[in-house]
Amino acid sequence: MNGSTMAIGERTDAVDVTSLIETDRVHGRLYTDPAVFEQEMAHIFYGGWVFVGHDSEIPDVGQYVRRTLGREEVLMVRRRDGSVGVMSNRCAHRGNLVCIKNQGKERYLTCPYHGWVYDLEGKLRDVPYPDGFAKDKSEFTLRALRSESYRGFVFASFDKSVPPLVDHLGKATILIDRACEMSPTGRIRLTAGWSKQRFYANWKMLPENDTDGYHVNDVHASFAEAIDSQYDAAVMGNETAIRSETKDWGNGHTELDFSPTYDAPLKWLNTTPQRFPEYTRSMLAAYGEAKGNRILRNGPPHAVIFPNLFLGEMNIVIFQPVNVNECVQWHTPLLLDGVPDDLNGRIIRNSEAAMGPSAFLLADDSVISERQQIALRDRADWLDISRGLNRERVDDLGVIVGHVTDEGTNRAFWQHYRKVMTADTRAGIRPVARSA
Amino acid sequence: MGTSTMTVADQADRTEPVGLEEYHQISGFLFREARLADESRYAEWEALVEDDMLYWVPRGDGEFDMNRDISITADNRSRLRTRIRQLMTGKRHAQVPVSAMRRVVGNIEAERLQDGEYRVFSNFILHELRRSSTATVEVWAGRVEHRLRRRPDGSLGMFFKKVMLINGDEPLPSLAFII
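### Digging into the overall build of chain B
Within chain B, the regular secondary structure consists of three helices and six strands. Going from the N terminus to the C terminus, chain B shows its helices and strands as α-α-β-β-α-β-β-β-β. For chain B, whose C-alpha radius of gyration is 16 Å, the value lies close to the compact-globule estimate of 16 Å for 179 residues. For chain B, the C-alpha atoms occupy an extent of roughly 45 × 35 × 35 Å along the three principal directions. Counting all 179 residues of chain B, 57% fall into the buried class. Of the roughly 8000 Å² of accessible surface on chain B, 51% is carried by carbon and sulfur atoms.

Quick look at the structure:
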């Protein structure tokens with residue numbers, strides 16, 4: 001290679017991202033350049049906090065789920081002491097996949113290749129034919145990621161030195177609180193399994209599109225024509241009549257806040273309190289009249305937690321990058337603890353209506369994203385995200401607020417992205433063989 | 001080939017085998033249903049559907065409970081009507097233009113339930129040209145359970161279609177057509 005050599009593991013930021021992101025526009029290359037994708041793996045998916053799953057998915061000791069963080073295979077495990085850990089799903093011996101099932105329950109995790117046995121903490125406990133293995137077993141583990149959780153939402157990082165999760169979440173803990181407070185007990189349950197939708201498009205189109213209120217009239221015109229829903233008033237009306245807002249919560253966390261549009265309880269569920277009297281009563285009992293009524297009227301958040309979690313009203317969504325041209329959107333209904341089964345049943349049916357490959361909404365979003373990926377393929381230059389710069393305001397929480405059709409959410413995503421992509425991080429460096 | 005080979009042996013309690021003529025009619029129904037779906041002839045396809053229809057695409061052929069597990073699709077008659085109405089707006093981007101599709105239906109096993117109703121299992125392979133975006137060919141495959149009912153005019157209608165994709169629990173591209 002022109003005589004130049006590069007040590008394995010040495011990171012070079014191949015792309016000067018700052019030249020591709022301005023306040024009011026971003027460059028098309030950000031969606032199509034494999035070098036940008038590699039940099040995202042290093043800086044965003046291996047160098048920062050990434051959402052893994054919810055602890056309600058693994059209530060019992062020994063339960064695990066398989067997840068992909070960036071391109072790394074990991075396991076989220078309920079450990080023997082009841083805590084939740086996130087560890088590499090790669091055997092410390094020869095690097096085989098330890099668990100192949102998407103979820104399971106085990107006392108020990110055994111690699112199928114040579115039978116190395118790990119405990120639920122990832123410590124190597126046993127190797128077959130031990131007489132020939134003279135090394136200290138304690139040096140071999142399923143590599144633990146740094147993990148922290150907030151109200152059961154488990155995040156992990158490959159960078160042990162990353163600042164605490166609450167620093168990353170910042171004000172967005174309010175959004176997670178709002179999701180949990182849809183339950184009278186404050187607890188949610190992600191137990192319905194995950195539906196997975198493949199997009200032949202760059203992963204960043206998912207967080208961008210999920211908090212883009214401007215596309216709804218066009219991309220979802222067939223939905224509006226076929227169905228009467230709460231979205232008619234919330235995001236599809238006349239520009240001056242719509243009261244919903246975009247919100248930039250900081251650190252790349254963004255929201256479409258539909259609540260200013262909702263003038264009665266349970267509009268967000270396209271129903272009424274009379275239909276779910278027990279839920280309504282229990283919410284008022286749990287939170288008091290004032291706050292209970294406010295929750296029942298405002299409904300759940302519609303917000304992206306940077307980089308890969310979407311609190312999609314009564315859905316929880318994960319963005320999984322695959323390569324620069326492909327990604328997967330996972331979704332599961334946000335089921336509520338302490339409510340009648342018929343309410344959770346309705347949440348499941350609503351989830352299928354909105355999200356996933358055959359949904360009234362997302363089937364169209366994926367195709368539109370794929371068309372964008374096709375159009376950006378080669379020589380695309382600048383894409384405009386200036387909409388609403390002329391009418392932003394800052395609320396008393398320091399949140400930047402705009403009209404729901406404005407692009408403040410996209411600007412918020414990209415400004416944080418630029419900061420993360422240019423920050424100094426060592427976590428993205430591929431591990432180098434250390435000589436003793 | 002005796003008629004008994006056309007039954008679903010492992011579910012034969014409370015059910016009866018079907019005769020050759022019934023088997024021929026049932027197969028014809030499945031082929032016609034497949035062709036109308038392939039050609040996105042929504043109104044004609046919908047005319048095959050009974051009022052108590054359930055159109056269900058679970059996440060594969062495992063043990064899924066529609067009331068506890070998220071499905072790919074779980075349409076009662078009303079939601080199926082909405083689905084077709086949405087497709088017929090001409091603005092359902094995921095099917096504009098409609099996918100070019102052909103499916104092969106085979107391995108048909110039928111049994112008679114009570115009251116002129118039938119349970120039918122079949123396998124299918126569907127090739128789909130995704131004209132609405134990538135212009136690539138997707139392959140869909142799986143097992144289908146139909147439940148059919150004889151109508152007063154002697155024809156068959158369906159009141160249950162469950163499509164068990166072999167990859168239902170893996171990432172799927174947009175599935176806005178009738179599968």
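The structure having been displayed, the exposition proceeds.
### Notes on helix H8 (residues 277–298) of chain A
Residues and elements named next belong to chain A. Helix length check: H8, at 22 residues, gives a terminal C-alpha distance of 17 Å against a target of 32 Å (1.5 Å per residue), a shortfall beyond 12%. By the largest-angle criterion, Gly288 marks the main kink of H8, which is about 125°. Tyr279, Thr280, Met283, Leu284, Tyr287, Gly292, Ile295 and Leu296 are the residues of H8 that are buried. Of the surrounding secondary structure, the elements contacted by the buried residues of H8 are helix H3 (173–180), strand E20 (335–336) and helix H9 (341–354). One or two positions beyond H8, positive phi appears at Gly299, with a value near 75°.

### What to know about the packing of helix H1 (residues 34–45) of chain A against helix H11 (residues 408–422) of chain A
Residues and elements named next belong to chain A. Interhelical geometry of H1 versus H11 gives an angle of 80° and a closest axis separation of 9 Å. In terms of orientation, H1 lies roughly perpendicular with respect to H11. Only Tyr417, Val420, Met421 and Thr422 of H11 make contact with H1, whose side of the interface consists of Val36, Gln39, Glu40, His43 and Ile44. When its residues are assigned to classes, the contact of H1 with H11 shows five nonpolar, three polar and one charged.

### So, the sheet that holds strand E5 (residues 84–88) of chain A
All names here are of chain A. Read from one edge to the other, the open sheet built from four strands follows the order E5-E4-E3-E6, with strand pairing classed as antiparallel. Strands with a single pairing partner mark the edges of an open sheet, and in this sheet they are E5 and strand E6 (103–105). Strand-to-strand twist in this sheet, taken as the mean axis angle between neighbours without regard to direction, amounts to 30°. Where strand E4 (residues 72–78) lies against E5, five bridges are found, and the strand directions are antiparallel. Counterpart to Val77 in the pairing with E5 is Gly85.

### Some thoughts on the confidence of the model for chain A
When the pLDDT values of chain A are averaged, the result is 94; 94% of them are 70 or greater. Of the regions scoring below 50 in pLDDT, residues 429–436 of chain A engages in seven contacts with residues more than four places distant in sequence or in other chains.

### Some remarks on the domain arrangement of chain A
All names here are of chain A. In terms of domains, chain A is made up of domain 1 (52–157) and domain 2 (175–421). Opposite the 14 residues of domain 1 that make contact, domain 2 presents 20 residues. Approximately 1300 Å² of surface area, both sides summed, lies buried where domain 1 meets domain 2, with 60% of it carried by carbon and sulfur atoms. At the junction of domain 1 and domain 2, the tally comes to one salt bridge.

### Some words on unusual backbone geometry
That bond from Phe306(A) to Pro307(A) is cis: its omega, 0°, falls within 30 degrees of zero. In this structure, Pro307(A) sits in the loop between strand E16 (302–305) and strand E17 (309–312). Each neighbour pair has its own omega, and for Val96(B) with Pro97(B) the value is -5°, a cis peptide bond. Along the chain, the position of Pro97(B) falls in the loop between helix H3 (77–88) and strand E3 (100–112). Here Tyr129(A), not a glycine, exhibits a phi torsion of approximately 50°, which is positive.

### With respect to the environment of Val120(B)
All names here are of chain B. Along the chain, Val120 falls in strand E4 (residues 117–129). Taking relative accessible area as the criterion, Val120 reaches 0% and is therefore assigned buried. With ten residues separating them in the primary sequence, Val120 and Arg130 have C-alpha atoms 29 Å apart.

### Remarks on the pairing of E4(B)
Residue and element names in this part refer to chain B. In this structure, E3 lies alongside E4, joined through eleven bridges in antiparallel fashion. Counterpart to Val104 in the pairing with E4 is Ile125. Taking the residues between adjacent antiparallel strands as the criterion, E3 and E4 are bridged by four residues, where Asp115 takes a positive phi near 55°. Sheet topology places E4 next to strand E5 (residues 137–150); 13 bridges connect them, and they run antiparallel. Following the sheet pairing, Glu117 is matched in E5 by Arg149.

### Some remarks on the nonpolar core
Side chains that are nonpolar tend, in soluble globular proteins, to be buried together. Residues Phe153(A), Tyr279(A), Leu336(A) and Tyr417(A) are the most contacted members of the largest nonpolar core, which totals 115 residues. Both of domain 1 (52–157) and domain 2 (175–421) of chain A provide at least three residues apiece to this core. Not counting residues within four places of it along the chain, the set of residues in contact with Leu336(A) comprises Met182(A), Ser183(A), Arg187(A), Ile188(A), Arg189(A), Tyr279(A), Met314(A), Leu343(A), Asn344(A) and Ile347(A). Ranked by size, the runner-up nonpolar core spans 39 residues in total, among them Trp45(B), Leu80(B), Phe124(B) and Phe177(B).

Rules used in this analysis
- Residues numbered from 1 in each chain as written.
- Chains lettered and ligands numbered in written order.
- Predicted model: local features only at pLDDT ≥ 70, side-chain atom pairs only at ≥ 80, totals over all residues.
- Heavy atoms only, no water.
- Helix = DSSP H or I, 4+ residues; strand = E, 2+ residues; numbered from the N terminus.
- Rg over C-alpha atoms; globule rule 2.2 N^0.38 Å.
- Buried < 20%, exposed > 50% of the residue type's maximum accessible area, 1.4 Å probe, protein only.
- Areas by Shrake-Rupley, 256 points an atom, 1.4 Å probe, with all protein chains shown as cover.
- Expected span 1.5 Å × (residues − 1).
- Bend = angle between axes of the 7 residues up to and from the residue.
- Contact = heavy atoms within 4.5 Å.
- Axes fitted to C-alpha atoms, helices over the stretch in contact; angles between N-to-C directions.
- Parallel < 35°, antiparallel > 145°, perpendicular 65-115°, else oblique.
- Nonpolar A, V, L, I, M, F, W, Y, C, P; charged D, E, K, R; others polar.
- Pairing = 2+ DSSP bridges.
- pLDDT = per-residue confidence, 0-100.
- Domains from an automatic or database assignment.
- Buried area = accessible area lost by both parts, 1.4 Å probe.
- Salt bridge = Lys/Arg side-chain N within 4 Å of Asp/Glu carboxyl O.
- Core = buried A, V, L, I, M, F, W, Y, C linked by side-chain atoms within 4.5 Å.

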